Structures are given as structure tokens and as C-alpha cells.
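Chain by chain, the residues run as shown.
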Amino acid sequence: MPFISKIQRQSDYSAFPSHHPIVIDNGGSYFRIGWAGESDPRVIFRNIIQRPRHKITGETITVVGDHNPALLKYFDCTRTGPRSAFDNNVVYQFEIMEYILDFGFDRLGADQSQIDHPVLITECACNPVQSRSKMAELLFESYGVPSVAFGVDAAFSYKYNQQLGICNNNGLVICSGFNTMHVIPFINGEPVYEACNRTNVGGYHITDYLKQLLSLKYPHHISKLTWEKVEDLKMEHCYIATDYETEVQVFQKGGKEAEEKTRCWQLPWTPSFTDETAPSEEEIARKAAFKEKQGQRLREMAEAKRFNRINDLENEMRDLEILLQRLKHVEEDDVLSILAKTRYTTKLEVESAISKATQSLRKAKGESVESVEKTDPSAAEKYNLINVPDEDLTPEQLKQKRKQLFIKSTSEARQQRKQKQIEEELERERKRQLEEEKRRENPEQYLDELRSKHRDLSEKVDQRKRLKTNGNHNSSGGVGRGERLNSSQRERMRLLTTAAFDRGKGEDTFGMKDEDWQLYKLMSRDNDDDDDDDQPDLDEAELVRVTSRLREIDPTFIFKAESGSSTAEAPHFRPLTKEDFQIILGVERFRCPEILFHPNWIGVEQLGLDEMAGNSIQGLLDKGRCSEERITNSILLTGGSCLFPGMSERLEAGIRMIRPSGTPIRIIKALNPIFDAWRGASAYAAAMQFPQQTFSKMDYYEKGEDWLKKYQIRYTI
């Protein structure tokens, strides 16, 4: 719908007098609101709310209808799904209904809390009195409407099409909505609710069933099968088969007819190079040149960053040295006043900062870094009790001395470990630079050597894995466990065997002598030796490094993992093609809408659409209200789910099978199955006799719910 500013909406709202009714079609899928006498509603939106949460602040807001895609930038709309006020087609969540009415009245142009216009709102057939009472209370108490009228949406659609001459005064209306299906007979222009039928299956269930089938068929594309997209696929491609069994056989046999009825949804797809379509030499050279250029750019950026870091550290050291020299030539009383302008509080902190800056500068230049303990001038003051004999110290100072010894040893160990890590990092960087220089001098020779090294390491690692995994000698020549044990492990096995043998001879005396317990010490010592196998393998680490390096510089390199034997290759996966990114709709096109005629397919043990129509007709005939020909000669289809191609033909065939032969059956589709309910209500509210069909707030509170239960408007006025 075109955008209308708030000022324009308020101006239009003020143009209508207070006695002009507001018409609301409160459907399970969409909410439509407008003015009586108009041909189209002013405001249309989905009858749902959502409660997304702000990604940063965590604030929760309420969004009515479809959320704006711009909200996804600031709010998380994935954690909470849409919420409806309906249970099947009965309103039961009136807190949600109040949000929806607020939004509808605001978009209509109401700028005050009180709505001073009569309201005609639609409801389902045989709506429970509790739901109708709560809706009346909400409209009277929260919005202050002067009067309210309730009407059935399917009845308004039938009366609207009757005024256009499409259907007769007597007939049957079949309303296939979003949550439910209704069949309501009409006699002399009035609905006969005693013969009404309802089944709790509608367009929502068709979409959900289609989503389930496609998710099972294409589990790797489940993220693409959103509710909105599946809804579009349903409306665009689904149809109702005239004969379901025959249609299934067509797809079972295949052939040209089945191919013509199959639809395809192509997902976004980008082709990639595979083993079958290997890249050309020019492509390999282009990729290698691009990688080299990218690597050179990264190295230049790292060098520039290192240069800036060295300059910053040199400037910091120069400033600190100036500050330290200044502190040496001033009196102690002036030190604090000078340091007050800096972030340091004592002279020792300045000296420690110079030491740390010197160490960082040497590290940035790639030089060896000395231990902080050697260069820290405050170390002697920090550990002033270490070199003092214990005899000269008090008990409190002895505790302090032990604490200083512990802190110093821990600090030295930490610094040594840090120094070792720095030296290892420098060594790795030096080796990497040497390796890079070697590669630049002769790239082909470097690549051959790297491949040869990778091959040797792979064979060595695979051989070690085979030795660990093979069992005893077998016909295939596997190495037994005894041949894999070292000398200490074999000695441990011998000791265990001897102990077990001795224990089996008569009385068990093991452990009575001290020599027997030496066995446990030997086994524990051997067990410690066994832990060497759990240490990280340097060959495997080197293999990982070489493999990563080959992947960087060799575009044709494909790593083949070994598993159990040197000839075993990594599992080969078929490359993804265009067909792998296609959603094929075959039998799903007519299988999903078929639940309108077979609700038991989704676990709803109720009548199908054709059986409901036959049951309503039979109910009228049993009461003698009307002849069968007058009813079956005017069967109107309305509601969003009757838009499927083939609905009229299938329904006619189903009714003909359960009614006597020769019965005239005429099935007609509403002029606009979606908007005719609102248009019929709009025309009804614009009639002169409409105020007589409404009830006021005073009537509601005086007569109570029992009167509201019997309240029914007359559609022929």
C-alpha cells in the first residue's frame, strides 16, 4: 500500500463524523481495517507481533506485523518468533490483540485514546462467548467505542457476492482460511449455524507441511527454507490434483509429463575449481603471483609497524632519560612536584620504566633481551634480607626473608622462561627469514625440497601410527605388540608374569618380605617410562608446518591424509555443482494442499473439505429446511486457500461422489476470496439499518454474557 504520512492519516480520520462506523476484518493471517462504505481497507498488516531485543542495550521492543528489515541491524529478531492472538481461529491472547488494535487505530489516523466511532469486527462461526465477551470488554474499556457489532467473515463474503449476482439466496459457503476451514449453509440469505462444520486445518498447516518436506529432502539448505520463502513457494507453485492417485502415478513413472509439472528454485551458487576441472597453468601462475604480492604487502605493513614501534620506544626512552637526569639534579623535596606532572610517583618507577622500555626496544630490533633482574636497580632494595645471616634476623625478618627468597626464585624462573620463549621466537623468525630468502633465490628447488620433506615426514608419521594401532602377528604381516615394547616394558611384563606364577603355587606369601615390595617400585618406574609415548611428536608438528607452508605457496598441493596404511587416501567428496543448489518441487506441489481433503495426513482426525460439505448438506436435508438442488446449485469458495488451481474441480468431484447421482452441483469462486469478507462487512456497516444491529456498552453491562451468547446480527437488512 502507498505510504501515507501521519498528518494525512489524522486529517482523513477527522473528516469522518463520529457516527461513521469502522470496519475490522480480524483474520488469522492478516488484519484489515477501514471505513464503512469504502471498497478497500485503509490498513493491512500481518496479525502477529514480535519482541526483538536490542543487540547492545538488551532493550526489548514490540513490533506489530512484519518486522522492518532495517531492524536487523540493531535488533536480534531470530531469538523470538512471531506470536499470534489466535488459537486456531479463536482470539484468546487479548494482550497481543490490544497491541494489534493500537497499531491498527493509529495507522487509521486516531490521535486520541478514545475511539468515538461504532465498530464492526469479524469473528469465526460459532465463536465462544468468552472470546466475544473479552473482545467487547477490550473495545469498550480500552478504546471507549460507543457501540460494537460482531459478524462472521464467511457470511459477509457470501452476502457480498450475492449482491453481485454471483451466488444465490440459498447455498453453501466454503471458507478455507489460514487456521481453519468452515462450511456454512445459507437459507433465505441467513446462515444456518446448526448445520455448520469446521476443521482445524488451513493455509498455515499447508505451509508448515511443505516446509517439513523440503527440510527433510534438502537438510543442507534448511537455512534458506524460511517461513516467508516457503509461503511464497506455496502460493506460486502448489496446486490441487483432481485425482491424487493418478497424479502420483504420473510422477512415479516419470517421463515428459512429470518433468513439465516439476518446478525448480535455483539458489545462489558460485562455481569452484575441482580435481576434475583443474585450473590452467596461467590460473596457477596468477594465483601464485597474487599470493606473492599479498605476502609482500603484509611484510611491508609489518615492517612499517615495526619501524613506528621502534621510533615510539626511542622517543619514550629519550623522555624518560631526560626526566631521570632532571630528578638527579634536584632536591628530594622537589621530586614529587616534578613527578606530579607525569604518571610516575617515585624515582624507582622511572628507572623501572627505562628498563622495560630498553627491553622492548631490543626485542623490536631483534636483539637478545637481558633479564629484568639484571638491569633492575631496585632489586637490591626489594630483596634486602637475602644476604643477611639468619642469626642477625628476628623471627619476623626470617619470615620476610623466606618470602623474598620465594618471590625472587619465582621471578627469576619466570624471567628465564620468558627469555627462553623470546629466544625461541627470534630463532623461529630467523629460520623463517632464511627459508624465505632461500625460496626467493630458487623457488623451484625450494618447492621440490619442501615436497620431498613432506613425503618423508608423512611416511615416518604413518609408520609410527601403524606400530601403535596394529595387533599381534597376523596373516597380513602386522607387527605384534611384543616387538613394539622397549627393554623396560619387557622387564615389567616379565616381573608381572613371575609374580602371577609364584602366587599360583600353594599359599600366597607375596608381600611378607621387604624384597617383594621392590617389584612395585620397578613397575612404577617402568610405568613412568611408558608415558614418553604421550609426549607431543616433533615429526607431527613439523609435518603440520610443512603442510601449511605447501598450501601457501603451491596452489596444486592437495594433502592426502593417511589412515591405517600408506596407500589410504582422504575420502574424496564430489564437487558441488549447480544442481546441488536447486530446490526441486515435484510431488510436493500437490501433496501439501491435499491435506485440505485428508487432514489425517498431519495427525488431525477430522473431516476433509468435500466431506464437510456433504455433511452440511445432509444436515439440512435431515431437518427438511431446503431441497438439495437449491443448496448444491450455489456453492461459493472463499478464503486464501481456495486460490489453489484445481480447487473447484477437485471439490466438485469429491461432493459428487458422496451425493446422489444426477445432483446438480455448481461451484463458484468468490470475486476476490481475500478481500470479499471486508468488502461485505463494509457494505453492511454502510446500510441505514446497521445501528439497529449494534449493542452499546450499557447494553453489554446490563444484559451480561448470557445475552451476548444469543446475540446474532441479521445479514438481510
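Now for a look at the structure at hand. Here the structure is a predicted model, which means the values were calculated and not measured.

About the criteria used
Residues numbered from 1 in each chain as written. Predicted model: local features only at pLDDT ≥ 70, side-chain atom pairs only at ≥ 80, totals over all residues. Heavy atoms only, no water. Helix = DSSP H or I, 4+ residues; strand = E, 2+ residues; numbered from the N terminus. Buried < 20%, exposed > 50% of the residue type's maximum accessible area, 1.4 Å probe, protein only. Contact = heavy atoms within 4.5 Å. Areas by Shrake-Rupley, 256 points an atom, 1.4 Å probe, with all protein chains shown as cover. Phe/Tyr/Trp six-rings, centres within 6.5 Å; stacked < 30°, edge-to-face > 60°. Disulfide = S-S within 2.5 Å. Core = buried A, V, L, I, M, F, W, Y, C linked by side-chain atoms within 4.5 Å. Patch = residues over 30% accessible without salt bridge, like charges linked within 9 Å, V, L, I, M, F, W, Y side chains within 5 Å. Salt bridge = Lys/Arg side-chain N within 4 Å of Asp/Glu carboxyl O. Lys, Arg positive; Asp, Glu negative; His and termini not counted. Charge placed at Lys NZ, Arg CZ, Asp CG, Glu CD. Expected span 1.5 Å × (residues − 1). Pairing = 2+ DSSP bridges. Right-handed = clockwise from strand over helix to strand, strands pointing away. Polar contact = N/O pair within 3.5 Å; in protein donor to acceptor, adjacent residues only side chain to side chain.

Helix and strand counts for the protein stand at 25 helices and 20 strands. When the 717 residues of the protein are sorted by exposure, 40% land in the buried category. Within the protein, contacts between residues separated by at least 24 positions form 67% of all contacts whose residues are at least 6 apart in sequence. Just so you have it, the protein exposes about 42600 Å², and 51% of that area is on carbon and sulfur atoms.

Turning to the packing of aromatic side chains, a few remarks are in order. Evaluation of the coordinates by the stated rule reveals 23 aromatic pairs. A ring pair is formed by F156 and Y715, whose centres lie 5.4 Å apart and whose planes are at 70 degrees; its orientation type is edge-to-face. Here Y715 lies in the segment after α25 (697-710) and F156 lies in helix α4 (residues 153-163), a separation of 559 residues in the sequence. A residue is classified by how much of its surface remains accessible, and F156, at 1% relative accessible area, is buried. With 5.1 Å between their ring centres and 70 degrees between their planes, F695 and Y711 make a pair best called edge-to-face. Here F695, found in strand β20 (residues 695-696), pairs with Y711, found in the segment after α25; they are 16 residues apart in sequence, far enough to count as distant.

Take the state of the cysteines next. The full count for this structure, using the stated rule, is zero disulfides. Looking at C124, it has no disulfide partner, and the nearest cysteine sulfur is the one in C126, 7.8 Å off. The closest cysteine sulfur to the non-disulfide-bonded C126 is located on C196, 4.8 Å from its own sulfur. Residue classification places C126 among the exposed positions, given a relative accessible area of 53%.

In this model, C126 sits at a positive phi of 55 degrees, which is unusual for a non-glycine residue. Counting through the fold element by element, C126 comes out in the loop between β10 (119-123) and α3 (129-143).

Here we take up the nonpolar core. Counting 65 residues, the largest nonpolar core has I22, I24, M97, L101, F105, I184 and F695 as its most contacted members. If one sorts the elements of this core by residue count, helix α2 (residues 94-108) sits on top with seven residues. Judged by nonpolar contacts, the second largest core, of 45 residues, contains Y209, V230, M612 and C626.

This part covers a negative patch on the surface. Taken together, the side chains of E137, E141, E705 and D706 make up a negatively charged region of the molecular surface. Secondary-structure elements contributing two or more residues to the negative patch are α3 and α25.

Along its 19 residues, helix α11 (residues 347-365) runs 27 Å from first to last C-alpha, staying within 8% of the 27 Å computed at 1.5 Å per residue. Residues V350, A353, I354, S355, A357, Q359, L361 and A364 constitute the buried set of α11. At the exit of α11 stands G366, carrying a positive phi of roughly 85 degrees.

Now for the pattern of salt bridges. The full count for this structure, using the stated rule, is 28 salt bridges. One salt bridge in this structure joins R132 and E123, with 2.3 Å as the shortest N-O distance. The two residues R132 and E123 agree in class, both being buried.

Look at any regular strand and the pattern is simple: side chains alternate between the two faces of the sheet. With respect to burial, β10 is a largely interior element, five of its five residues being buried. Along β10, one buried face is formed by V119, I121 and E123 and the opposite face, lined by L120 and T122, is buried too. Strand direction decides the pairing type here: strand β1 (residues 22-26) and β10, joined by three bridges, are parallel. Bridge pairing links I24 to I121 in β10. Sheet topology note: the β10/strand β11 (residues 147-152) ladder contains five bridges and is parallel. Residue T122 lies in a different strand from β11, and its bridge partner there is G151. Assessed by its sense of winding, the connection that carries the chain from β10 through α3 to β11 is right-handed.

With that out of the way, let us pick up the side chain of N170. Tracing the backbone through its elements, the reader meets N170 in the loop between α4 and β12 (171-176). According to the relative accessible area criterion, N170 is buried, its value standing at 6%. Of note is the side chain of N170, whose polar atom sits 2.5 Å from the backbone nitrogen of N188. Not counting residues up to four positions away in its chain, the partners in contact with N170 are Y158, F186, I187, N188, G189, C626, R630 and S634.

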